[in-house]
Amino acid sequence: MMGELGYMGIMVPEKWCGAGMDTISYSLIIEEISRIDAAAGVIVSVNNSLVCQIFVNYGNDFQNETYLKGLAKGELLGSFSLSEPQSGSDASNLKTIAVKDGSHYILNGTKNWVTNGINSDLVIVMAMTDKSKGYKGISAFIIPKDLDGILLGNKEDKLGIRSSDTCEIHFDNCRVPIENLISDEGEGYRIALTSIDGGRIGIASQALGIAQAALDKSKSYAKERKQFGRSIADFGAIQEKIASMGTNIEASRLLIHNAALLKDMHKRFTKEAAMAKSFASQTAMDAATDCVQIFGGYGYMQDYGVERLMRDAKITQIYEGTTEIQKMVIARELLEN
Ligand code: CAA
């Protein structure tokens, strides 16, 4: 269904069976999906930002014909794998290695926190082809999941976004054809970081959808719930929460659309994406927490779906770069320019 609607390849050119839309459209779609289901939001966001966009920006015709068309149509699902047990924020500290052996690379190592890792058909993997070069020795590979030498870990038991699967992936002498190298050896870190910049617009939009859902639910419950003979929406303490939610949601939306616009204009947007993600994810967390507070005891129960917003919001402050990393990126750019 998502594929038929064009949601799996939103920014992919029509030539490669995508919807050919821009980043603002992408943001609006992720926001609206996440307003109902943030887990679906991240599944779609990763397939778009961290998989399809890598093909669009760095894939060759053979790779795009073989994989991108199916990904954009929703016939294939993609995942992206940079993180490892010892390498999260310190993203270039990779132990997974890829050694060239004739017409193949042989991959060994362990990746973790792979969103869509279980259900995807292929995974884009960052691995060291030359450890001595540090981040300049990282390369990106397209790894179809049906290759030999791939072992999937269990589905992680997460706090939120529980219908989106996350797992470890182990590579044990996995032989990957050389035509599955994306771009050139040593380009992997740049490919990963530029793509994650775009991904941060997606996660910011996911956070915005969660925050908007919290506001929608808070408004209707506050008007309906009566205490002391009147609806709780009449109380200043509740109004203060609703006003803050609304203002921060509007500010998040403007930050996100600003980053998306810069990206569509082919201008640098690293700082703006980091601002959008850190602000929108804080907004989601605050709005969801206030929403539970407005619902009181009912909010704490699973029946109302409000505690789920709080659990889902938390991850937006962690994946695709923690809030601390976003602040580091923002500060670096402000201090350098
Ligand atoms: N775009 C392109 N290149 C970039 C870049 C960017 N945003 N940021 C840095 N680079 C380049 C630098 O220019 C430099 O290259 P040159 O030497 O050629 O100029 C190179 O990368 C190294 O730069 P730094 O020394 O600044 O890099 P660093 O190793 O100190 O790290 C960092 C910078 C910003 C902290 C980065 O490591 C980072 O973003 N960490 C967080 C990782 C992250 O977001 N992980 C998310 C995983 S994906 C995920 O979460 C998906 C999911 O599940 C939903």
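Every chain is numbered independently, its residues counted from 1 as its sequence is written. With the structure being a predicted model, the display of local features is reserved for residues of pLDDT at least 70 and the display and counting of side-chain atom pairs for 80 or more, all residues being used for whole-chain, interface and lining totals. The basis for the side-chain values is all heavy atoms of the structure; hydrogens and waters are excluded.

1. Describing the overall build of the protein chain
No. 1: Secondary structure elements are taken from DSSP: a helix is a run of H or I of four residues or more, a strand is a run of E of two residues or more, and numbering for both begins at the N terminus. When its secondary structure is counted, the protein chain shows 9 helices and 10 strands.
No. 2: The size measure is the radius of gyration over C-alpha atoms, and the globule rule it meets is 2.2 Å times the number of residues to the 0.38 power. Taking 20 Å as the expected radius of gyration for a compact globule of 337 residues, we find that the protein chain reaches 21 Å, a close match to that expectation.
No. 3: Once the C-alpha set of the protein chain is aligned to its principal axes, its extents read approximately 80 × 45 × 40 Å.
No. 4: Counting over 337 residues, the protein chain shows a buried share of 53%.
No. 5: Expressed as a percentage of contacts within the protein chain between residues at least 6 apart in sequence, the contacts between residues at least 24 apart total 71%.
No. 6: In short, Shrake-Rupley with a 1.4 Å probe defines the accessible areas, and a residue's cover is counted only from the protein chains shown. Approximately 15000 Å² of the protein chain is accessible, and the part contributed by carbon and sulfur atoms is 53%.
No. 7: For the charge count, each Lys or Arg is scored as positive and each Asp or Glu as negative, with His and the chain ends excluded. Charge positions come from single atoms, namely NZ of Lys, CZ of Arg, CG of Asp or CD of Glu. When the 35 basic and 42 acidic side-chain charges of the protein chain are each reduced to a single mean position, those positions are 4 Å apart. In this scheme, a residue with accessible area under 20% of its type's maximum is buried, one over 50% is exposed, and one in between is partly exposed, where area comes from a 1.4 Å probe on protein chains only. The contact criterion used is simple: two residues touch if any of their non-hydrogen atoms lie within 4.5 Å.

2. Considerations on the domain arrangement of the protein chain
No. 1: All domain edges in this entry derive from an automatic or database-based domain assignment. Its domain assignment divides the protein chain into domain 1 (7-77), domain 2 (80-186) and domain 3 (190-336).
No. 2: Centre-to-centre separation of domain 2 and domain 3, based on C-alpha positions: 30 Å.
No. 3: Across the contact, 11 residues belong to domain 2 and 11 residues belong to domain 3.
No. 4: By convention, the term buried area covers the 1.4 Å-probe accessible surface removed from two parts as they join, with the contributions of both added. Carbon and sulfur atoms supply 76% of the area buried between domain 2 and domain 3, which totals about 880 Å² over both sides.
No. 5: A per-residue breakdown of the area domain 2 buries against domain 3 is headed by Ser89, Leu159 and Ile161, which together make up 51% of the total.
No. 6: A carboxyl oxygen of Asp or Glu within 4 Å of a side-chain nitrogen of Lys or Arg is what we treat as a salt bridge. Seen at the junction of domain 2 and domain 3, the total is 0 salt bridges.
No. 7: Each polar contact in these results corresponds to two N or O atoms within 3.5 Å; when the atoms are within protein, one needs to be able to donate a hydrogen and the other to accept it, and residues that are neighboring in sequence are counted only if both atoms are side-chain atoms. In this assembly, domain 2 and domain 3 are joined by 2 residue pairs in polar contact (both at pLDDT 80 or more).
No. 8: Of the residues assigned to the side of domain 2 that touches domain 3, the class counts are 7 nonpolar, 3 polar and 1 charged. Throughout, the ten residues Ala, Val, Leu, Ile, Met, Phe, Trp, Tyr, Cys and Pro are labelled nonpolar, Asp, Glu, Lys and Arg are labelled charged, and all others, Gly among them, are labelled polar.

3. Concerning helix H4 (residues 188-224)
No. 1: Given the number of residues in a helix, its expected span is that number minus one, multiplied by 1.5 Å. The end-to-end C-alpha distance of H4, which contains 37 residues, comes to 53 Å, matching closely the 54 Å that a straight helix rising 1.5 Å per residue would cover.
No. 2: The sharpest bend along H4 comes to roughly 25°, located at aspartate 197.
No. 3: The buried fraction of H4 amounts to 28 of the 37 residues, a majority that puts the element mostly inside the structure. Here the bend at a residue is taken as the angle between two axes, fitted respectively to the seven residues that end there and the seven that start there.

4. Focus on unusual backbone geometry
No. 1: Positive phi, normally seen in glycine, also occurs at cysteine 17, with a value near 70°.
No. 2: Within the secondary structure layout, cysteine 17 lies in the segment before helix H1 (23-36).
No. 3: Even without a glycine there, the phi angle at tryptophan 113 is positive, about 55°.
No. 4: Counting through the fold element by element, tryptophan 113 comes out in strand S3 (residues 104-115).

5. A closer look at the site of the ligand
No. 1: The nearness test applies per residue and asks whether one of its heavy atoms lies within 4 Å of the molecule or strand. Surrounding the ligand, one finds 26 residues, the nearest of these being Thr115, Tyr135, Arg200, Glu320 and Arg332.
No. 2: Contacts to the ligand include threonine 115, whose side-chain N or O atom sits 2.7 Å from an oxygen atom.
No. 3: The protein chains hide 72% of the 1100 Å² of surface that the ligand would expose on its own.
No. 4: Looking at the shell around the ligand, the elements with two or more residues in it are helix H2 (38-58), S3, H4 and helix H9 (323-336).

6. Structural notes on the side chain of lysine 145
No. 1: Examined against the element boundaries, lysine 145 turns out to sit in the loop between strand S5 (138-144) and strand S6 (150-152).
No. 2: The buried charged residue lysine 145 lacks any salt bridge partner; its closest oppositely charged side chain belongs to aspartate 165, at an N-O distance of 6.9 Å.
No. 3: Within polar-contact distance, the side chain of lysine 145 engages the backbone oxygen of glycine 117 at 2.7 Å.
No. 4: Apart from residues no more than four positions distant in its own chain, lysine 145 is found in contact with Gly117, Ile118, Asn119, Ser120, Asp121, Leu122, Val123, Ile150 and Leu152.

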